[in-house]
Amino acid sequence: MLTARRIVLKASKFFTGFLGTLFALLVFSLPAFANDLNTRYNLREPVTALARDLYFMHYVLLAICLVIFVGVFGVMFYSMYAHRKSRGYKPANFSDNHTVEVLWTVIPFLIVVGIGVYATPAVMAQKDTSNADLTIKVTGYQWKWGYEYLKGEGEGIKFLSTLTTPYEQRINVAPKTNDYLLEVDNPLVVPVNKKVRVVITANDVIHAWSVPALGVKQDSIPGFVRDSWFKAEKTGSYVGQCSELCGKDHAFMPIEVKVVSDEEYSEWVGLQLAGETKKISISSAEPENADVLSQTDVATAKPATISMSSQEEVK
Ligand SMILES: [Cu+2]
């Protein structure tokens, strides 16, 4: 008959080996897991350093959860199986065990603190919006997005961005396309390898501007200004969705960020500023009663209404 000590040793050896292998498999196969619009599972393939950090952190945390899950349930099921009544085991008769109680309080506490310490640099980096090449104000409306280029090349450009997926697809009378509910008329256009600061607010209710591949997710709150940033390393189209339940058309206000080369960006800016391809400008198509924070409002707003990270003037 195995002693309790040997059982624990045996079990821990097994779990260390098993989880180590699993973790190594997960970490080393990260790129293979990366996702695009054609695949259904996992996070989007990261295209910024920040998004890569978040992606990796996601796996580390998943592995920690897995270790705890397998460890706890493994010990539980093994104990029940190996010490069952039919084998002649008698139930122990004790009411508490201080050592165990201290352990199951201290260990989870250390795990949580460890995760917090590990995640802090990434959270701090997300908030460091200094030295941006481009500043863009993003405004959430029910149910569309408004973009306004505040600073940097393209200053003065503003437009609304609305879902273009045909209604027929939504009611299942037309086949759904690959970018179903992720296509917009006017994507946000930004240059590649430039730090873009997004200043995020809302006009009516709370929305959230989120583009997973860029590692950005930030609530947009009426009367408040929050900011975030990204620096895309690869040209392409990156999509996201409003990520805060904001009313009946919450699912129908996607985000598309088009990352282009410097030359293409300059060309696009030229066309926009010349007004040649400007399809909808905020001034002509702004929803009625729009009471969005103007640039001056943002710059002169009382500190209390601006998040700690946004106290520097927007302009
Ligand atoms: Cu929304």
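Residues numbered from 1 in each chain as written. Predicted model: local features only at pLDDT ≥ 70, side-chain atom pairs only at ≥ 80, totals over all residues.

### Things to note about the overall build of the protein chain
Phase 1 of the analysis: For the protein chain, the helix and strand inventory stands at 8 helices and 10 strands.
Phase 2 of the analysis: Classification of the 315 residues of the protein chain by burial places 26% in the buried group. (Helix = DSSP H or I, 4+ residues; strand = E, 2+ residues; numbered from the N terminus. Buried ≥ 20, exposed ≤ 12 C-beta atoms within 10 Å, placed from the backbone.)

### What about the sheet that holds strand β4 (residues 188-191)?
Phase 1 of the analysis: The strand order across the open sheet built from 3 strands is β4-β10-β9, with neighbouring strands paired in mixed fashion. The open sheet has two edge strands, β4 and β9 (236-241), and neither has a second partner. Sheet twist, expressed as the mean angle between neighbouring strand axes with direction ignored, is 25 degrees.
Phase 2 of the analysis: In terms of strand pairing, β4 meets strand β10 (residues 254-260) through 4 bridges, oriented parallel. Bridging across to β10, Pro-191 finds its partner in Val-260.
Phase 3 of the analysis: Sheet contacts for helix α6 (residues 262-274): β4 and β10; angle to β4, the most-contacted strand, approximately 135 degrees. (Pairing = 2+ DSSP bridges. Axes fitted to C-alpha atoms, helices over the stretch in contact; angles between N-to-C directions. Contact = placed C-beta atoms within 7 Å.)

### Notes on the nonpolar core
Phase 1 of the analysis: One finds Ile-136, Val-198 and Leu-214 to be the most contacted residues of the largest nonpolar core, which totals 45 residues.
Phase 2 of the analysis: Residue assignment places this core across two domains, with domain 1 (4-85) and domain 2 (134-310) each supplying three or more.
Phase 3 of the analysis: With near-sequence residues (within four places) excluded, Leu-214 lies in contact with Val-47, Thr-48, Ala-51, Phe-230, Ala-232, Tyr-238 and Val-257. (Core = buried A, V, L, I, M, F, W, Y, C linked by C-beta atoms within 7 Å. Domains from an automatic or database assignment.)

### Observations concerning the sheet that holds strand β1 (residues 134-141)
Phase 1 of the analysis: Pairing is mixed across the open sheet formed by 5 strands, whose spatial order is β3-β2-β1-β5-β8. Either end of the sheet is taken by a strand with one partner, and the two such strands are β3 (158-161) and β8 (226-230). Averaged over all adjacent pairs, the angle separating strand axes in this sheet is 25 degrees, with direction ignored.
Phase 2 of the analysis: Sheet analysis places β1 next to strand β5 (residues 196-202), joined by 7 bridges and oriented parallel. Bridged to Leu-134 within β5 is Val-196.

### Notes on α6
Phase 1 of the analysis: Over its 13 residues, α6 extends 18 Å from the first C-alpha to the last, a length consistent with the 18 Å expected when each residue adds 1.5 Å.
Phase 2 of the analysis: Following α6 by one or two positions, Gly-275 has its phi on the positive side, about 75 degrees. (Expected span 1.5 Å × (residues − 1).)

### A look at the packing of helix α3 (residues 49-82) against helix α4 (residues 98-127)
Phase 1 of the analysis: At their nearest, the axes of α3 and α4 sit 10 Å apart, and the two run at 170 degrees to each other. Taken together, the axis directions place α3 and α4 in an arrangement best described as roughly antiparallel. Residues Leu-50, Asp-53, Leu-54, Met-57, Leu-61 and Ile-64 of α3 pack against Ile-111, Ile-115, Ala-119, Ala-122, Ala-125 and Gln-126 of α4.
Phase 2 of the analysis: For the contact of α3 with α4, the per-class residue count stands at 10 nonpolar, 1 polar and 1 charged. (Parallel < 35°, antiparallel > 145°, perpendicular 65-115°, else oblique. Nonpolar A, V, L, I, M, F, W, Y, C, P; charged D, E, K, R; others polar.)

### Description of the environment of Lys-248
Phase 1 of the analysis: With respect to the helices and strands, Lys-248 occurs in the loop between β9 and β10.
Phase 2 of the analysis: The exposure class assigned to Lys-248 is exposed, which follows from the 8 C-beta atoms found within 10 Å.
Phase 3 of the analysis: Sequence spacing of Lys-248 and Gln-142 is 106 residues, and the spatial spacing of their C-alpha atoms is 8.8 Å.

### Some remarks on the pairing of β5
Phase 1 of the analysis: The buried fraction of β5 amounts to 7 of the 7 residues, a majority that puts the element mostly inside the structure.
Phase 2 of the analysis: Burial along β5 is two-sided: the residues Val-196, Val-198, Ile-200 and Ala-202 and Arg-197, Val-199 and Thr-201 are all buried.
Phase 3 of the analysis: Bridge count between β5 and β8: 5 bridges; the pairing is antiparallel. Considered in β8, the bridge of Val-198 is made with Ser-228.

### Comments concerning unusual backbone geometry
Phase 1 of the analysis: Residue Trp-143 is reached from Gln-142 by a cis peptide bond, and omega for that bond is 0 degrees.
Phase 2 of the analysis: Within the element layout of this structure, Trp-143 appears in the loop between β1 and β2 (144-151).
Phase 3 of the analysis: The residue Leu-181 is not glycine, and still its phi comes out positive at about 65 degrees.
Phase 4 of the analysis: One can find Leu-181 in the loop between α5 (167-170) and β4.
Phase 5 of the analysis: For Leu-181, a count of 17 C-beta atoms within 10 Å gives the class partly exposed.
Phase 6 of the analysis: Backbone geometry at Asn-193 places phi at a positive 55 degrees, although glycine is not the residue there.

Any link to function would need more than the numbers given here.
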